[in-house]
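Residue-level structural notes
Below, each chain spelled out in residue letters.
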Amino acid sequence: MAQAIRVALTFGLLASGTLYAQDNGSTSPTQNSDTSNAKAKTLQAVTVTGSLIRRVDVETANPVTTIDSGQIVASGKPTLGDLMQNLPSVAGNATNPSINSGGGTGASTVSLRGLGDNRTLVLVNGHRVAYNDVNSIPANMIERVEVLTDGASSIYGSDAIGGVVNFILKDHYQGVQLSADYGESSHSDGNRRSFNLLAGLSGERGKFIVSLTHQTQNPIASGARDYSAYTLAFRNGQVVKVGSSATPGGLIQDASGTYVTLNNGTTGAPTLADYHPYNSTTDSYNYAPYNLLLTPQDRSNISLFGSYKITPNVEAYFNMFYTRTSASSVIAPVPIFANSDDFLVPSTNYYNPFGLNFGTDRTTGNGYNDFNIRLTSLGNRTYVNKTYDFQMTPGIRGNFGDSSWQWNVDINYGKVRQKTLNNGFLDYTAFEQAIGPSFLSGSGAVTCGTPSAPIANCTPINIFNPNDPASIAALKKLVVNPDSFYRYTLEQFEMGANGELFDLPAGAVNLAAGLSYRRESQSDGTDTPNAIAINDGPYAGLCGVVEFCATQLSGSYNVKEAYGELFVPVLADLPFAHALNIDIGSRFSRYSLSGTTTNSKIALEWKPIADLLVRGTASQVFRAPNINELFGGTSGGALAATDICNGYTGGHPQACANVPTDGSFQQSNPQLGVRGSGSAAAGYDLKPEFGHSFDYGVVYDPHWLPGLSLSADAWRIQLRDTIVDGLDPTTILNECYFSDRLCSLIHRAGNGQISYISLPTVNLGETSASGIDSTIQYSFNAGDYGKVNVSLASTYMQRYDVDTAPGDSAVPVTHCAGSYCSVYGEFPRWRGLATLNWSKGPWSASWTMRYVGRTRVGSADLSQGYSADESIPGVVHPIGAYVFHNISGSYALAKYHTTLSAGIDNLSDKQPPMFYQWGSNGNTDAYTYDLIGRYYWMRATVSF
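Each chain carries its own residue numbering, running from 1 in the direction its sequence is written. This being a predicted model, a pLDDT of at least 70 is required before a residue's local features are given, and a value of 80 or more before pairs of side-chain atoms are given or counted; all residues contribute to the totals for chains, interfaces and linings. Values reported for side chains reflect all heavy atoms of the structure, with hydrogen atoms and water molecules removed beforehand.

Glancing now at the overall build of the protein. If you tally the helices and strands in the protein, you get 11 helices and 56 strands. Taking 30 Å as the expected radius of gyration for a compact globule of 944 residues, we find that the protein reaches 31 Å, a close match to that expectation. Structurally, the protein occupies a C-alpha span of about 105 × 65 × 55 Å along its principal axes. Buried means the residue's accessible area, taken with a 1.4 Å probe over protein chains only, is under 20% of the maximum for its type, while exposed means over 50%, and partly exposed covers the values in between. Within the protein, the proportion of its 944 residues that are buried is 56%. We call two residues contacting when some pair of their heavy atoms lies within 4.5 Å. Long-range contacts, defined here as pairs at least 24 residues apart, represent 71% of the contacts in the protein between residues at least 6 apart. For every accessible area listed, the method is Shrake-Rupley and the probe measures 1.4 Å; residues are considered covered only by the protein chains on display. Carbon and sulfur atoms provide 57% of the accessible area of the protein, an area that totals close to 36900 Å². Residues scored as charged are limited to Lys and Arg (positive) and Asp and Glu (negative), so that His and the chain ends carry no count. A single reference atom marks each charge: NZ on Lys, CZ on Arg, CG on Asp, CD on Glu. Here the protein contributes 59 positive and 76 negative side-chain charges, whose respective centroids are spaced 6 Å apart. For helices the rule is a DSSP run of H or I covering at least 4 residues; for strands it is a run of E covering at least 2, with both sets numbered from the N terminus onward. Taken over C-alpha atoms, the radius of gyration is set against a globule rule of 2.2 Å times the number of residues to the power 0.38.

With that settled, consider the side chain of Ser75. Turning to its location among the elements, Ser75 is positioned in helix α3 (residues 69-75). For Ser75, the side chain forms a polar contact with the main-chain oxygen of Ile72, separated by 2.6 Å. What Ser75 contacts, discounting residues up to four positions off in sequence, is Leu83, Asp905 and Trp937. In protein, a polar contact means a hydrogen-donor-capable atom and an acceptor-capable atom, both N or O and within 3.5 Å, with residues adjacent in sequence counting only if both atoms are side-chain atoms; elsewhere, any N or O pair within 3.5 Å suffices.

Burial of strand β12 (residues 231-235) is extensive: 4 of the 5 residues sit out of reach of the surface. Across 5 bridges, β12 lies against strand β13 (residues 238-242) in antiparallel orientation. Bridging across to β13, Thr231 finds its partner in Val242. A strand pair is defined by DSSP finding two or more bridges across the two strands. Taking the residues that link successive antiparallel strands as the turn, the β12-β13 hairpin has 2 residues, and the phi of Asn236 there is positive, at about 50°.

This brings us to the nonpolar core. Core analysis: the largest hydrophobic core is formed by 41 residues, its most contacted members being Cys656, Leu727, Ile732, Leu742, Ile757 and Val762. Where this core is concerned, the elements lending two or more residues are β31 (483-504), β33 (553-574), α9 (627-631), β38 (671-677), β41 (723-724), α11 (729-739) and β43 (754-760). If one sorts the elements of this core by residue count, α11 sits on top with 4 residues. Not counting chain neighbours up to four residues away, the residues in contact with Ile757 comprise Leu672, Gly673, Val674, Arg675, Pro729, Ile732, Leu733 and Leu745. Nonpolar cores are built from buried Ala, Val, Leu, Ile, Met, Phe, Trp, Tyr and Cys residues. Side-chain atoms within 4.5 Å join them into one set. The next biggest cluster of nonpolar side chains, apart from the first, holds 29 residues, and it includes Ile252, Phe343, Tyr351 and Phe464.

Two cysteine sulfurs form what is called a disulfide whenever their separation falls within 2.5 Å. Scanning the entire structure with this criterion turns up 4 disulfides. For Cys448, the disulfide goes to Cys458, at an S-S distance of 2.1 Å. Between Cys448 and Cys458, the disulfide has an S-S torsion of -70° and is therefore left-handed. Of this pair, Cys448 sits in strand β28 (residues 446-450) while Cys458 sits in the loop between β29 (453-454) and α8 (469-476), and the two are 10 residues apart along the sequence. The disulfide partner of Cys736 is Cys743, and the gap between their sulfur atoms is 2.1 Å. The S-S bond linking Cys736 to Cys743 shows a torsion near 105°; that makes this disulfide right-handed.

This brings us to the sheet that holds strand β14 (residues 251-253). With respect to topology, 5 strands assemble into an open sheet ordered β16-β15-β14-β23-β20, the strand pairing being antiparallel. One side of each edge strand has no neighbouring strand; the edge strands of this open sheet are β16 (275-277) and β20 (335-337). Along the sheet, successive strands turn relative to each other by an average axial angle of 25°, direction set aside. Pairing analysis gives 3 bridges linking β20 to strand β23 (residues 371-374), with the strands arranged antiparallel. Throughout, an axis means a line fitted to C-alpha atoms (over the contacting stretch in the case of helices), and angles, computed between N-to-C directions, take values from 0 to 180 degrees.

The rule for a salt bridge is simple: a side-chain nitrogen of Lys or Arg has to be within 4 Å of a carboxyl oxygen of Asp or Glu. In this structure the tally under the stated criterion is 28 salt bridges. Notably, a salt bridge pairs Arg113 with Asp773, separated by 2.6 Å at the nearest N-O pair. Taken together, the positions of Arg113 in the loop between α4 (81-85) and β4 (120-124) and Asp773 in strand β45 (residues 766-781) put the pair 660 residues apart, joining distant regions of the chain. Asp773 matches Arg113 in its accessibility class, with the two residues each being buried. The partner of Lys687 in a salt bridge is Asp685, with the nearest N and O atoms 3.4 Å apart. Residue classification places Asp685 among the exposed positions, given a relative accessible area of 53%. Linked through salt bridges whose partners overlap, the residues forming this network are Arg119, Arg623, Glu629 and Glu689.

On average, residues of the protein score 89 in pLDDT, and 91% of them are at 70 or above. Scored between 0 and 100, pLDDT is the confidence that the predictor attaches to each residue. With pLDDT under 50 throughout, residues 1-43 is counted as low confidence; its partners more than four residues away or in other chains account for 103 contacts. For residues 534-542, every residue scores under 50 in pLDDT, and the model assigns this stretch 25 contacts once sequence neighbours within four places are set aside.

Together, Ile411, Phe493, Met495, Leu515 and Tyr517 give the surface a local cluster of nonpolar side chains, amounting to about 430 Å² of exposed area. Contributions of two or more residues to the nonpolar patch are made by β31 and β32 (507-525). Structurally, Phe493 is set in strand β31. Each patch is built from salt-bridge-free residues with over 30% relative accessible area, joining like charges within 9 Å and nonpolar side chains (Val, Leu, Ile, Met, Phe, Trp, Tyr) within 5 Å.

The backbone of Phe576 shows a phi angle near 60°, a positive value even though the residue is not glycine. Mapped onto the elements of the fold, Phe576 is located in the loop between β33 and β34 (577-591). Residue Phe576 is classed as exposed on the basis of its relative accessible area of 68%. Phi at Asn658 takes a positive value of approximately 70°, unusual for a residue other than glycine. Along the chain, Asn658 falls in the loop between β37 (635-640) and β38.

In this section: α11. Residues of α11 that are buried: Pro729, Ile732, Leu733, Glu735, Cys736, Tyr737 and Ser739. Looking one or two residues beyond α11, the residue adopting positive phi is Asp740, at roughly 55°.

In this section: the packing of aromatic side chains. Two aromatic rings, drawn from Phe, Tyr or Trp (for Trp, its six-membered ring), form a pair once their centres lie within 6.5 Å of each other, and the interplanar angle then sorts them: stacked below 30 degrees, edge-to-face above 60, tilted otherwise. For the coordinates displayed, the defined rule picks out 25 aromatic pairs. Taken together through their ring pairs, the aromatic side chains of Tyr275, Phe354, Phe358, Phe371 and Phe464 make up a single cluster. In this scheme, the term charge over a ring applies when either NZ of a lysine or CZ of an arginine sits within 6 Å of the ring centre and within 35 degrees of the ring normal. One cation-aromatic arrangement involves Lys241 over Tyr230; the distance from NZ or CZ to the ring centre is 4.0 Å.

Turning our eyes to something else, we now look at the sheet that holds strand β27 (residues 438-440). Pairing within the open sheet is antiparallel, and its 3 strands lie in the order β27-β28-β29. The open sheet has two edge strands, β27 and β29, and neither has a second partner. Strand direction decides the pairing type here: β27 and β28, joined by 3 bridges, are antiparallel. When the bridges of β28 are listed, Leu440 appears paired with Val446.

A few words now on the pairing of strand β54 (residues 882-893). Looking down a regular strand, the side chains alternate between one sheet face and the other. Inspection of the sheet shows strand β51 (residues 843-852) paired to β54 by 10 bridges, in the antiparallel sense. Of the residues in β54, the one forming a bridge with Met849 is His885. Pairing analysis gives 7 bridges linking β54 to strand β55 (residues 898-905), with the strands arranged antiparallel. Considered in β55, the bridge of Leu893 is made with Thr898. Counted between consecutive antiparallel strands, the loop separating β54 from β55 contains 4 residues, among which His897 sits at a positive phi close to 50°.

Shown next as structure tokens:
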């Protein structure tokens, strides 16, 4: 790791937004106080992510992993998502383009320690980004990436709990570079293309760089791979194919209770003779092939960097990048589950051959026979996302004369616009009328309504034969393509200074301090009138388009902060104390909506000998509710859940308000209405989460073997009042019933029936995680055989516990380490990444091996939540270790200023392990494993 950092620092790059290395003078610090030596010391000092203090030392108390531009190029990745998510310190549910359902934006995020991407702070040149998508950051503009795997709230404020990812951009380039990239899987799909231009000028007083990129990625359907062609489940010890009972021919419960389905090829109004008994093996609907293993993307970016020395001591600078991303996801055609979707297909429907009511009558709450059907004639449902990400940071910086002090003032402005077009949906209200009562009028036309109350502008739909040409025509008239939008703005002003206060016998005491003001605002909603949610009544949060809902909502907050960091060298050049340093930092934050907080850290660096560093950091960490957790809009629907007050006889008045206490109460509908949102829409007082982060480690760089670096760090993170979203109604009911918590989220009617349950972002319990990181890196010159760099990084996850109700034995702690937790993601004990790089003359080659250790699905302990087998409790499904290899090579044609590169990802065509029904996509964990298989790529780069 030390060698990688040294290589990166030799470029003299912009560091952490406020400081930069100005030349490549002597690398040895000096204790002299004369002006010339002070200048040399200042010029060599740079900041490394995790600290605001300029240091000459490349190894500090902060555990930082560096990925330089050479590694990015050798990976062959046109975007940064895959590269970052392969890091051993990344775990859990960080989205990527293989997430189809709930994804489709083209984004990739980073979740250090598995704590979630909202607890990993992403920076560009030390500044917050407006859009937490690392794919939107231009890869060809990056000089290095610094990954801090330690809590850093005292340095960077909110969100830096799991760690910080800081993308350091190039600050100088001379010439023009063009590159083109093409890739394709061994299955002849997933084609990608990338074109890049980088141009720059550097002079004595000014520097300017411009970058243009364009990338496209073709989709891969689930049906294109054998492992994902069907949805698979584990039942009664067997792996079975699972199809949907919402089929093109329908699943209909007749008068005898038998389930029947329509024969193929039937036209017109069917009779009972047109149905046959339903066979799940032959009649169920395979929806899996319509999903995607890789979502399509089209991304363009323009980036600018410029700086100009106004005077010898003052420099103005400017960073800007703009990214436009088009991406989409696809799922199967609209299914109709009449009972759970609260549709009523009455016996008075003209086309109804059964003479029965089907579905649910919302007016009375009565449920009738089952009726499921799939409207395949409408085609797949698609979600087309367009995202526009703009980030701009102008600033001015300089020195205070010939002193060591430097200052910086900058403005950070970011704006994100995202619009989603949802295709293949139905107008809920019109569809309900069209499948409701109907009759044959005197003119011989089938008419909606009843003879005494006909419905105008309504065409009856023969829902019992939806693939009849007349039915298809009527259904297509009801298709709507609602849209939704999201807008976010970040406005930040920062000013800071740093330098030496005074000298101690062991060295100079350094101080960094500054002020910051940040304002964040968000609005979301829809431009489709019939998609606006109902805001009151028993179905609050539901809306007029099946499976789609949006509300008009906006909000903002601001935060004012003051921060400081003090570096004190205590001992130096003594026996067993080659160096002993203390670093103390603190940040005061005042949030307009979340109150005030002060968070501090103390770090210790001890070098008993020159080659060995012993380090430790103890930090207070916190995370204020982010803008979406506060002001996220409403999404409504219904989820299957059992009312905990069924058979209620008293004792829990808050959980069972208005419920009779005679034991007679039973919920009227197995599907409970739910309303997900940010905390503001639900009236929930969301508070910040607080905790502590600890890191203790050693770094050994032996002088007797130059190029070798060894490190190990033990870490531990504890959080309380954890901010949680995506809760299910069962959790809300249990929390209220057993602990009197979250009761305000349960909304009951006067008869005790649940109208709906709010599922906002809430504070719930504690999270604890701990583990050990280790790295081995060795760089050496093999003489006639070239130069070699080999490295191995690994993370051992010792603990990952989520306690939603501390002290309440009725709600057990969820232990995720070594297993797959369906809500939080996958947490194998071991993750590793090995690399081997070789170069000789114009040739270079790279090999990368990624290791994901054994894990498991399910638990033999029933209190831990779920079984891997849908039919047998307490079943554990073991997942073996997963290893795959990437190789690449390049050759430089110096005469033509051209470099040709090629590579193979997933060399052995490794298939991801099967999680069956618990997988996130394609029967596996798409957050963790490669879903594509063997992939070939090539690139040509020309520089002049």
